[in-house]
Amino acid sequence: SQRISSLRSEGEIPIVAESIAGPLLGYVFDSEKNEFRSILGIPGSSLLGSHLPVAFPVSRTWISPQQNYALAETVDGGIVLIPFQDATISALPLQTSSGPGKRIAINSTGDSAIIWHESRRSLQQVDGLPSSPIVHEERDLSSLSGTVAALAITDDKSLVLIGSGTQESATLYSVEAGAEPHE
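We now turn to the structure provided with this report. (Residues numbered from 1 in each chain as written. Predicted model: local features only at pLDDT ≥ 70, side-chain atom pairs only at ≥ 80, totals over all residues. Heavy atoms only, no water.)

**Let's talk about the sheet that holds strand β15 (residues 170-176)**
Defined as follows: Only when DSSP finds a minimum of two bridges between them are two strands counted as paired. Each helix is a run of H or I in the DSSP string that is no shorter than four residues. Each strand is a run of E no shorter than two, and both are numbered from the N terminus. In this description, a line fitted to the C-alpha atoms serves as the axis of each element, helices being fitted only across the stretch in contact, and the angle between N-to-C directions of two axes falls anywhere from 0 to 180 degrees.
Taken in spatial order, the three strands line up as β13-β14-β15 in an open sheet, and their pairing is antiparallel. Two strands close off the open sheet at either side, each with one partner strand: β13 (147-153) and β15. Strand-to-strand twist in this sheet, taken as the mean axis angle between neighbours without regard to direction, amounts to 20°. In the sheet, strand β14 (residues 159-165) pairs with β15 via seven bridges, with the strands oriented antiparallel. Residue pairing for β15: L161 is matched across the bridge by S174.

And the structure:
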């Protein structure tokens, strides 16, 4: 106790007022309330935390596996980037093609996403997420048959997998950069 007192007087122990918080597992979107909720705790013992209301109507969201941002589809079909930086929600509109019928997949590192535009049967890639998003040109994939039901993109962004089909059959396509899709 005497040593601590003398160290404090000598200025060797910095005293900083900080808040203590438990582990943050991630976020979930409540579509009825149009808000994100933090998930606090550990697996098997967690609870919903603070409310993070979104100031504009959202129809769907995709949360990054890194839990540091979400992509949201607005009711008019636009896509916005919502970073989870603090207790407020801000949104950055991405210059993607608008319109309904989208599917989005985010790679496991969270730095890239692909957007499937069902109405145009095209694919669009977004890299540099979440800090410096770069939206690439749409790629026409109208040669794919059936309805696209699943998407994935590799961490190195070199390969996209697309699951497409009908009630009777399904096909898994791989699409490499600059190449035609193949089964």
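**Topic: the layout of surface pockets**
Quick note on the threshold: Using only the protein atoms, space was sampled on a 1 Å grid; points where a 1.4 Å probe fits but cannot get out form cavities, open sets with protein on both sides within 12 Å along at least five of seven lines form pockets, and lining residues are those with an atom within 4 Å of a point. Grid points are joined across faces, edges and corners, and a volume is the space filled by probe spheres set on the points. Gly is placed with the polar residues, together with every amino acid not listed as nonpolar (Ala, Val, Leu, Ile, Met, Phe, Trp, Tyr, Cys and Pro) or charged (Asp, Glu, Lys and Arg).
Each pocket or cavity is described by its volume, and for the largest pocket that value is around 190 Å³. The wall of the largest pocket is formed by 13 residues, among which L123, Q125, R139, V160 and A177 lie closest to the centre. Among the secondary structure elements, those contributing two or more residues to the lining of the largest pocket are β10 (122-127), β14 and β15. When residues of the lining of the largest pocket are assigned to their parent elements, the largest contribution, three residues, is made by β10. Class assignment for the residues of the lining of the largest pocket results in five nonpolar, four polar and four charged.

**A closer look at the environment of D30**
Where we set the bar: Here's how the labels work: a residue is buried when its accessible area is under 20% of the maximum for its type, exposed when over 50%, partly exposed in between, all with a 1.4 Å probe on protein chains only. We call two N or O atoms a polar contact when they sit within 3.5 Å, provided that within protein one can donate a hydrogen and the other can accept it, with sequence-adjacent residues counted only if both atoms are side-chain atoms.
The topology assignment puts D30 in strand β1 (residues 24-30). Its relative accessible area of 24% is what places D30 among the partly exposed residues. Separated by 31 residues in the primary sequence, D30 and T61 place their C-alpha atoms 9.8 Å from one another. Engagement of the side chain of D30 in a polar contact is seen with the backbone nitrogen of K33, the distance being 3.3 Å.

**Thoughts on the sheet that holds strand β2 (residues 35-42)**
Spatial strand order, β1-β2-β3: three strands in an open sheet with antiparallel pairing. Single-partner strands in this sheet number two, and they are β1 and β3 (45-53). Strand-to-strand, the axes of this sheet are offset by a mean angle of 30°, without reference to chain direction. Sheet topology places β1 next to β2; six bridges connect them, and they run antiparallel. By the bridge assignment, F29 is partnered in β2 with F36.

**Some details on the pairing of β14**
Consecutive side chains along a regular strand alternate between the two faces of the sheet. Of all seven residues that make up β14, five are buried, and the element is covered over most of its length. One ladder, built from six bridges, connects β13 with β14; its direction is antiparallel. In the sheet register, L151 faces β14, and the bridge partner there is I162. Counted along the chain from β13 to the antiparallel partner β14, the turn is five residues long, and its residue K157 has a positive phi close to 65°. Hairpin geometry of β14 and β15 is characterised by an intervening segment of four residues between the two adjacent antiparallel strands.

Coordinates in, geometry out; function isn't part of it.
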